[in-house]
Number of protein chains: 2
Amino acid sequence: MTSSKPTLPDVSVNGRSYRSPSQPVVVVCVDGCEPDYITQAIQAGVAPFMKKMLAAGNSGTSLVGDCVVPSFTNPNNLSIVTGAPPSVHGICGNYFLDTAQGKEVMMNDPAYLRAETLLAVFSKAGAKVAVVTAKDKLRTLLGHRMEGICFSAEKADQATRANGGIDDVLALVGKPVPSVYSADLSEFVFAAGVKLMETQRPDLMYLSTTDYVQHKCAPGTAGANDFYAMMDGYLAQLDALGATIALTADHGMSPKTDAAGNPRIVFLQEVLDERLGAGRGRVILPITDPYVVHHGALGSFATVYLEAGVDVPALVRALQATDGIEQVLTRDEAAERFELPPDRIGDLVVVSDHLAVIGTRASEHDLSGLTVPLRSHGGLSEQKVPLLFNRKLQGVDPKRRLRNFDIFDLALNHAIPAVHAAPAAT
Amino acid sequence: MTSSKPTLPDVSVNGRSYRSPSQPVVVVCVDGCEPDYITQAIQAGVAPFMKKMLAAGNSGTSLVGDCVVPSFTNPNNLSIVTGAPPSVHGICGNYFLDTAQGKEVMMNDPAYLRAETLLAVFSKAGAKVAVVTAKDKLRTLLGHRMEGICFSAEKADQATRANGGIDDVLALVGKPVPSVYSADLSEFVFAAGVKLMETQRPDLMYLSTTDYVQHKCAPGTAGANDFYAMMDGYLAQLDALGATIALTADHGMSPKTDAAGNPRIVFLQEVLDERLGAGRGRVILPITDPYVVHHGALGSFATVYLEAGVDVPALVRALQATDGIEQVLTRDEAAERFELPPDRIGDLVVVSDHLAVIGTRASEHDLSGLTVPLRSHGGLSEQKVPLLFNRKLQGVDPKRRLRNFDIFDLALNHAIPAVHAAPAAT
């Protein structure tokens, strides 16, 4: 029983204090989980566990919070596990222009991480920590300096005790390595989470899925409901195992098309080239990563690097008047408003509206993978995410602006542990 | 055949010129038609006419435009039929504080209308004009000074030649008077439109539905798809009758709940009373109308009247920091940005975020009619609406910011008429 374990120390990470878990705590980041996905799954009757957990008078809690803008996967996952915005941890996209190197690079090397993670700090304080991610791109960032179990569903067959703290993941989970473009990739994460809770009973577990389904399927449609029904079943198992469950999302998800289903794309590099002349402005799309089939590297957030001499106020006005653009901020404005590291975001930050995305040039985006109408994220319109718990919370100021990166604080410092003794590890 | 008719004169209304229709033109305002409703209906295979009309290389056109904020029914219907924003026509809500009378009143009396409608001007120029609305609240405003046919589905049994230019509507349509809270109310509008096109062949017809279904059902869910399948069938009939169809919406529609389906409501009068003391600020909800069962008078836009002496900048800052609030504008800022009549909008305009609505006090909203999770509108997040045509357009500047109230301009001045002779009236 957990009560026989020595008490773990509380920890302090990035200026915030966290109580050590008295019961296993599972934080789930459901990629692209616009709140309406869960609402509609409950309405459709396919999520009986969440329905019961969140029903009035029952033991759960439902809140809504703001994710980090850009509402992309890596900045938000890193915010969640550091409890801090990108201005602190440094990861403000999947991809950026490294001005020191003068070239565009992926930002998934821990060298770019400027803060410690809760996972690393808790693991070093003696907590048993486990992390399962869907895509491997997040594994090295999330697992940075962490002791314990950390592997991705995508490369579950390659996890070893040396590189991920665990052997034979496929045998444990009882599933083959899933396709990286599938709902199965996320199911593997949940299935692994349940098996780890059954066999290892980690004190702290972080599960992070992929938004393949959310990019394809609107809330309440069959494909989405199937996904949330699957998730509901695994959450019920984690709950039955006595875990405190705290669920949030890295970002929401919106349709990015006209009514006919055609993508609404602002090709921002073309706009800049037409206005400034070629080569005077350079558009960076921080959504860019190696897995672009389901969104064509099209999101609702871009940064722009400008040559000296460009009339910035005139350009800002012109971009703000462009159909599809919602906001244009200078580096300083964006760094302040969105809590971003100013050295990694360019001279301008451009955000498109809830039905539009930003591309570079038409010739640079392969839309052949878009077999259904484009759904994507990145902007302010995808900032609202759920904060769900299978516990009541106490001591949360009702006027506090909640963020998805408060999820560990809420789960560890505010959730009221279950009264009944939880089952021990098998 | 229409070619034997004397040519109608072009007209000028509210500073804009409109060519007279050479073929019957039907403008459809689909209440609450967030573009994704149509996208998802096409995806689900239940809207074969729209799918074909909008397919690449086919004869139709799909655009997206901005509606008027507040994204409510009456301001937008009046903008559509006047071709002008509320700063011109005066109707900026269903409901407002008439400062001359010192009391809150419905704004559906034509005495509040400050501009002529296209419908009235075309009818006086000799065009045969017909208007069918779902709810009766719009009938008197839309039909103001118009000659021709004008009736509501809600009171179809009460239409007479004297009050609506037509007798025996129920016999013509072959349907009973529908319930005001039903999809049937909108179906009656479409069915009447088809019958009028078959029997009267109006030069210009305006059909305006109700958003009962959209308040209840998310895009792509069964209830929504049933509605759009129904609509698709009637549009196909209007198309087969040779009409130019131009479809837009008064506003979009968003879920206004947390993931559990609980409404996210900012009770703004309570916020003001707590901050300022009772009675120093007065919240007006322009969504208020006699038909509140499906939304509980909860929308995403409010106006606030303040007593003299209130520290307005401090109040604006406090409201902007309130969870659920997206924007707070002073009267002048709101009047300029949203093109509203400054004498009818209060000292402040408050807009909530895409998942939140604004109420007055908890005690003043009856939520018992909300049998499904609240969906509503009124804010910036519901500003994007479809602009769909069964014709190609010509001469539209690709950089022009399109509005829903450009729909008559686009249909009359830019749509390329069908080449084949249309069937004559029976």
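**Side note on the domain arrangement of chain A**
Residue and element names in this part refer to chain A. By the assigned domains, chain A splits into domain 1 (2-253 + 380-414) and domain 2 (265-376). In this assembly, 40 residues from domain 1 lie in contact with 36 residues from domain 2. When domain 1 packs against domain 2, close to 3,300 Å² is buried across both sides, 58% of that on carbon and sulfur atoms. On inspection of domain 1 and its partner domain 2, the count reaches three salt bridges. As a salt-bridge pair, Asp 343 and Arg 114 come within 2.5 Å of each other at their nearest N and O atoms. Counting across the interface, domain 1 meets domain 2 through 13 residue pairs in polar contact (both at pLDDT 80 or more). Residue assignment for the side of domain 1 that touches domain 2 shows that the elements contributing at least two residues are helix 4 (86-89), strand 5 (95-98), strand 6 (103-106) and helix 10 (212-216). Counting residues per element, the side of domain 1 that touches domain 2 draws most heavily on helix 10, at four residues. Classifying every residue of the side of domain 1 that touches domain 2 gives 22 nonpolar, eight polar and ten charged.

**Some words on the interface of chain A and chain B**
Counting residues at the interface gives 35 residues for chain A, matched by 35 residues for chain B. Of the roughly 2,700 Å² buried where chain A meets chain B, counting both sides, 56% is carbon and sulfur surface. The tally of links between chain A and chain B comes to four salt bridges. Remark: the boundary between chain A and chain B carries twelve residue pairs in polar contact (both at pLDDT 80 or more).

**Some remarks on the pattern of salt bridges**
Across all of its chains, the model carries 45 salt bridges over all chains by this definition. A salt bridge links Arg264(A) to Asp323(A), with the shortest nitrogen-to-oxygen separation between them at 3.7 Å. Of this pair, Arg264(A) sits in the loop between strand 11 (254-255) and strand 12 (265-267) while Asp323(A) sits in the loop between helix 13 (312-320) and strand 15 (325-330), placing them 59 residues apart in sequence. When the shortest N-O distance is used, the salt bridge between Glu382(B) and Lys256(B) registers 2.8 Å. Of this pair, Glu382(B) sits in the loop between strand 18 (375-376) and strand 19 (384-389) while Lys256(B) is found in the loop between strand 11 (254-255) and strand 12 (265-267), placing the two residues 126 residues apart along the sequence. Comparing Glu382(B) with Lys256(B) shows no difference in burial state: the two are buried.

**Some remarks on the pairing of strand 3 (residues 25-29) of chain B**
Residue and element names in this part refer to chain B. When you tally the buried positions in strand 3, you get five out of five residues, the bulk of the element. The alternating pattern of strand 3 places Val 25, Val 27 and Cys 29 on one face and Val 26 and Val 28 on the opposite face, and all of these are buried. Relative to strand 10 (residues 244-248), strand 3 is paired through five bridges, and the arrangement is parallel. Each residue of the ladder has a partner; that of Val 28, found in strand 10, is Leu 247.

**Remarks on the state of the cysteines**
With the rule as written, the count across this model stands at zero disulfides over all chains. Left unpaired, Cys29(A) is separated from the closest cysteine sulfur, that of Cys33(A), by 9.2 Å. Residue class for Cys29(A) comes out buried when judged on its relative accessible area of 0%. Distance from the sulfur of Cys150(B), which forms no disulfide, to the nearest cysteine sulfur (Cys29(B)) is 14 Å. Looking at Cys150(B), the relative accessible area reads 8%, which means it is buried.

**Digging into the packing of helix 12 (residues 268-276) of chain B against helix 13 (residues 312-320) of chain B**
Residues and elements named next belong to chain B. Where helix 12 meets helix 13, the axes come as close as 12 Å, and the angle between the chain directions of the two elements is 135 degrees. With respect to their mutual orientation, helix 12 and helix 13 come out oblique. Both helix 12 and helix 13 take part in a crossing whose hand is right-handed. In this structure, helix 12 uses Leu 268, Val 271, Leu 272, Arg 275 and Leu 276 to contact helix 13, whose residues at the interface are Ala 314, Leu 315, Ala 318 and Leu 319.

**Observations concerning the relation of the copies chain A and chain B**
Expressed as a screw operation, the relation of chain A to chain B combines 0.0 Å of axial shift with a rotation of 180 degrees, fitting to an RMSD of 0.0 Å. Considering both components of the superposition, the chain copies are consistent with a two-fold axis. Scanning chain A for the C-alpha nearest the rotation axis identifies Thr221(A), at a separation of 3.0 Å. Looking at chain A, 100% of its interface residues are interface residues in chain B too, so the copies touch through the same face.

**Focus: helix 3 (residues 73-82) of chain B**
Residue and element names in this part refer to chain B. By the criterion of burial, helix 3 is predominantly enclosed, with ten of the ten residues buried. For helix 3, the full list of buried residues reads Thr 73, Asn 74, Pro 75, Asn 76, Asn 77, Leu 78, Ser 79, Ile 80, Val 81 and Thr 82. Of the residues trailing helix 3, Gly 83 is marked for its positive phi of about 70 degrees.

**Focus on the sheet that holds strand 9 (residues 204-208) of chain A**
Residues and elements named next belong to chain A. Ordered in space as 4-19-10-3-9-7-8, the seven strands form an open sheet in which the pairing is mixed. Edge strands, defined here as strands with exactly one partner in the open sheet, are strand 4 (61-66) and strand 8 (149-152). On average, each strand axis in the sheet is tilted by 15 degrees relative to the strand beside it, whichever way the strands run. Bridge analysis of strand 7 (residues 129-133) against strand 8 gives four bridges, and the strand direction is parallel. Each bridged residue has a counterpart across the sheet, and for Ala 130 the counterpart in strand 8 is Ile 149. Helix 11 (residues 222-240) contacts strand 3 (25-29), strand 9 and strand 10 (244-248) of the sheet and is inclined by roughly 150 degrees relative to strand 10. Seen against the sheet, helix 15 (residues 407-414) touches strand 3, strand 9, strand 10 and strand 19 (384-389) and runs at an angle of roughly 20 degrees to strand 19.

**Overview of unusual backbone geometry**
Residue and element names in this part refer to chain A. At the junction of Val 69 and Pro 70, the peptide bond is cis and its omega measures out at 10 degrees in the coordinates. With respect to the helices and strands, Pro 70 occurs in the loop between strand 4 and helix 3 (73-82). One non-glycine residue, Arg 201, lies in positive phi territory at about 45 degrees. Inspection of the secondary structure puts Arg 201 in the loop between helix 9 (183-199) and strand 9.

**Let's talk about the side chain of Thr117(B)**
All names here are of chain B. Position of Thr 117 among the secondary structure elements: in the loop between strand 6 (103-106) and helix 5 (118-124). Judged by its relative accessible area of 2%, Thr 117 falls in the buried class. One polar contact links the side chain of Thr 117 to the main-chain amide nitrogen of Ala 120, over a distance of 2.9 Å. Contact partners of Thr 117, with chain neighbours within four places excluded, come to Val 13, Val 81, Thr 82, Leu 141, Leu 142 and His 144.

**Some remarks on the sheet that holds strand 15 (residues 325-330) of chain B**
Residues and elements named next belong to chain B. If you trace the four strands from one edge of the open sheet to the other, you get 13-14-16-15, paired in antiparallel fashion. Both edges of this open sheet fall to strand 13 (281-284) and strand 15, since each of them pairs with a single strand only. Each adjacent strand pair in this sheet contributes to an overall mean axis angle of 25 degrees, direction not counted. Looking at chain direction, strand 15 and strand 16 (residues 348-352) are connected through five bridges and run antiparallel. Along strand 16, the bridge assignment pairs Gln 327 with Val 351. Across the face of the sheet, helix 12 comes into contact with strand 13, strand 14 (301-306) and strand 16 while running at roughly 170 degrees to strand 13. Here helix 14 (residues 331-338) sits on the sheet and contacts strand 14, strand 15 and strand 16; the angle it forms with strand 15, its principal contact strand, is near 105 degrees.

Calculation rules
- Residues numbered from 1 in each chain as written.
- Chains lettered and ligands numbered in written order.
- Predicted model: local features only at pLDDT ≥ 70, side-chain atom pairs only at ≥ 80, totals over all residues.
- Heavy atoms only, no water.
- Domains from an automatic or database assignment.
- Contact = heavy atoms within 4.5 Å.
- Buried area = accessible area lost by both parts, 1.4 Å probe.
- Salt bridge = Lys/Arg side-chain N within 4 Å of Asp/Glu carboxyl O.
- Polar contact = N/O pair within 3.5 Å; in protein donor to acceptor, adjacent residues only side chain to side chain.
- Helix = DSSP H or I, 4+ residues; strand = E, 2+ residues; numbered from the N terminus.
- Nonpolar A, V, L, I, M, F, W, Y, C, P; charged D, E, K, R; others polar.
- Buried < 20%, exposed > 50% of the residue type's maximum accessible area, 1.4 Å probe, protein only.
- Pairing = 2+ DSSP bridges.
- Disulfide = S-S within 2.5 Å.
- Axes fitted to C-alpha atoms, helices over the stretch in contact; angles between N-to-C directions.
- Parallel < 35°, antiparallel > 145°, perpendicular 65-115°, else oblique.
- Left-handed = near helix turned anticlockwise from the far one by under 90°.
- Least-squares fit on C-alpha atoms with pLDDT ≥ 70 in both.

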